Amino acid sequence: MSAAGGSALARRRGALLLPAVAAALLALELVPLALPSAAAGASGFRCRPGSRPVLFNFGDSNSDTGGMAAARGWHLERPEGRAFFPRPTGRFCDGRLTIDFLCESLNISYLSPFLKALGSNYSSGANFASAGAATSPRDVPFALHIQVQEFLYFRDRSLELIDQGLSGPIDAQGFKNALYMIDIGQNDVNALLSNLPYDQVIAKFPPILAEIEDAVQTLYSNGSRNFWIHGTGALGCLPQKLSIPRKNDSDLDQYGCLKTYNRAAVAFNTALASLCDQLSAQMDDATIVYTDLFPIKYDLIANHTKYGFDKPLMTCCGYGGPPYNYNFNKGCQSKGVTACNDGSKFVSWDGVHLTEAANAIVAKAILSSQYSKPSLKFDQFCRV
């Protein structure tokens, strides 16, 4: 899609989506929803015996399993990864991410990053997600557009190897039947909220949506038919955002989260859901599932005691102490930063990303299909 074409598309999408967003916000009440109870893992939906599920993921640090660490040559140290692996793997977490639990539910190996040269296994798919990724600018590493181009390179090279009689990780049928997950937009929305008033933030959603649409259409035109698209979470409950100096607490809701950030997250998700409806109507031979992560992640805060969390708005691996234990100049890998003794008591790992315990609950909720439209089980994409 040309830049001019993308701009025109964004304007058309704005005319269609912004009224729907406004209507949704007028009726919005951030009421916590009941989620499936926490469990040791997020299992429960297994593929049929003999099936070979294939999964490709596009996104940001919420689903990055080590792509940016490989690209940058980062040598992360503990406590990253301590809860499960138990070494750092490039995940911004003390253990498994939501996507790792989803892979477990399909009984496949965790997705290897496309950019990880050594020790990768691509027989069940690949992960193109990279920390810091956004939808725009579209031609910078590793924006959504670039991630899709990486996938096309991966696919073409795999099929080329098979045509040469060599071993390729995935064949043509595997690519066709695979599930294509997209979990991006949080960094775009956060960047807008950091620089613009709320009304202007909402007005700038169309170009973000246009890039997500372009990604789906590009994948579709190359044979992809199964899509699983995630909305963003409760941005106003992130310790990183709560640590921004404010004049007073008038923007805090009853659970201590920033109402403006959360309103923007809900508005973005409403627009993204509308886009998915439009794409489903256009691509009648494709399955496009939209999953709203906002109520799932908001409930972690609103009903934190139900899940065994003691400090829902405080960072586990951070600096500065209560109430948020977050310092913009001292990340989890910085000198002098210490981690809590028990991450399972915290929702936030580093002020931006969830702990493994919280990720397990999010995955459980996704697998319930309660927050998806259409309400399809995650493993329905498995193919023999």
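Below is a summary of the structure that appears in this document. (Residues numbered from 1 in each chain as written. Predicted model: local features only at pLDDT ≥ 70, side-chain atom pairs only at ≥ 80, totals over all residues. Heavy atoms only, no water.)

### Details of the overall build of the chain
Stage number 1. For the chain, the count of helices and strands is 12 helices and 10 strands.
Stage number 2. By residue count, 57% of the 384 residues in the chain fall in the buried class.
Stage number 3. Sequence-distant contacts in the chain: of pairs separated by 6 or more residues, those separated by 24 or more amount to 73%.
Stage number 4. With an accessible surface of roughly 16000 Å², the chain has 53% of that area assigned to carbon and sulfur atoms. (Helix = DSSP H or I, 4+ residues; strand = E, 2+ residues; numbered from the N terminus. Buried < 20%, exposed > 50% of the residue type's maximum accessible area, 1.4 Å probe, protein only. Contact = heavy atoms within 4.5 Å. Areas by Shrake-Rupley, 256 points an atom, 1.4 Å probe, with all protein chains shown as cover.)

### Quick notes on the pattern of salt bridges
Where charged atoms of side chains with opposite charge meet at close range, the side chains can pair.
Stage number 1. A complete count under the given rule lists 11 salt bridges for this structure.
Stage number 2. Residue Asp 100 pairs with Arg 91 through a salt bridge whose shortest N-O separation is 2.8 Å.
Stage number 3. Note that Lys 373 is salt-bridged to Asp 277, the shortest N-O span being 3.2 Å. Residue Lys 373 is found in strand β10 (residues 372-373), and its partner Asp 277 is found in helix α10 (residues 259-282); the two are separated by 96 residues along the sequence.
Stage number 4. You can call Asp 277 partly exposed: its relative accessible area is 37%. (Salt bridge = Lys/Arg side-chain N within 4 Å of Asp/Glu carboxyl O.)

### Considering the environment of Leu 293
Stage number 1. Inspection of the secondary structure puts Leu 293 in the loop between β5 (287-291) and α11 (294-302).
Stage number 2. Residue Leu 293 is classed as buried on the basis of its relative accessible area, which comes to 3%.
Stage number 3. Sequence spacing of Leu 293 and Ala 265 is 28 residues, and the spatial spacing of their C-alpha atoms is 9.8 Å.
Stage number 4. Contacts of Leu 293, omitting those with residues within four sequence positions, involve Asp 183, His 230, Gly 231, Thr 232, Gly 233, Val 362 and Ile 366.

### Focus: the sheet that holds strand β2 (residues 125-127)
Stage number 1. The six strands lie next to each other as β2-β1-β3-β4-β5-β10, forming an open sheet whose pairing is mixed. Single-partner strands in this sheet number two, and they are β2 and β10.
Stage number 2. Where helix α8 (residues 205-221) meets the sheet, its contacts fall on β1 (55-59), β3 (179-183) and β4 (226-230), and the angle it forms with β4 comes to roughly 165°.
Stage number 3. In the packing of α10 onto the sheet, the strands contacted are β4, β5 and β10, and the crossing angle to β5 comes to about 170°. (Pairing = 2+ DSSP bridges. Axes fitted to C-alpha atoms, helices over the stretch in contact; angles between N-to-C directions.)

### Some remarks on the nonpolar core
Stage number 1. Counting residues in each nonpolar core, the largest one holds 97 residues, and the members touching the most others are Phe 56, Phe 58, Phe 151, Phe 154, Tyr 180, Phe 205 and Leu 300.
Stage number 2. In terms of residues, this core owes the most to one element, α10, which gives 12 residues.
Stage number 3. With residues up to four places along the chain from it excluded, the contact list for Tyr 180 reads Phe 56, Phe 58, Phe 151, Phe 175, Leu 219, Ser 224, Asn 226, Phe 227 and Trp 228.
Stage number 4. Membership of the second largest hydrophobic core comes to eight residues, among which are Met 314, Cys 316, Phe 346 and Trp 349. (Core = buried A, V, L, I, M, F, W, Y, C linked by side-chain atoms within 4.5 Å.)

Everything listed is a geometric property; what it means functionally is a separate question.
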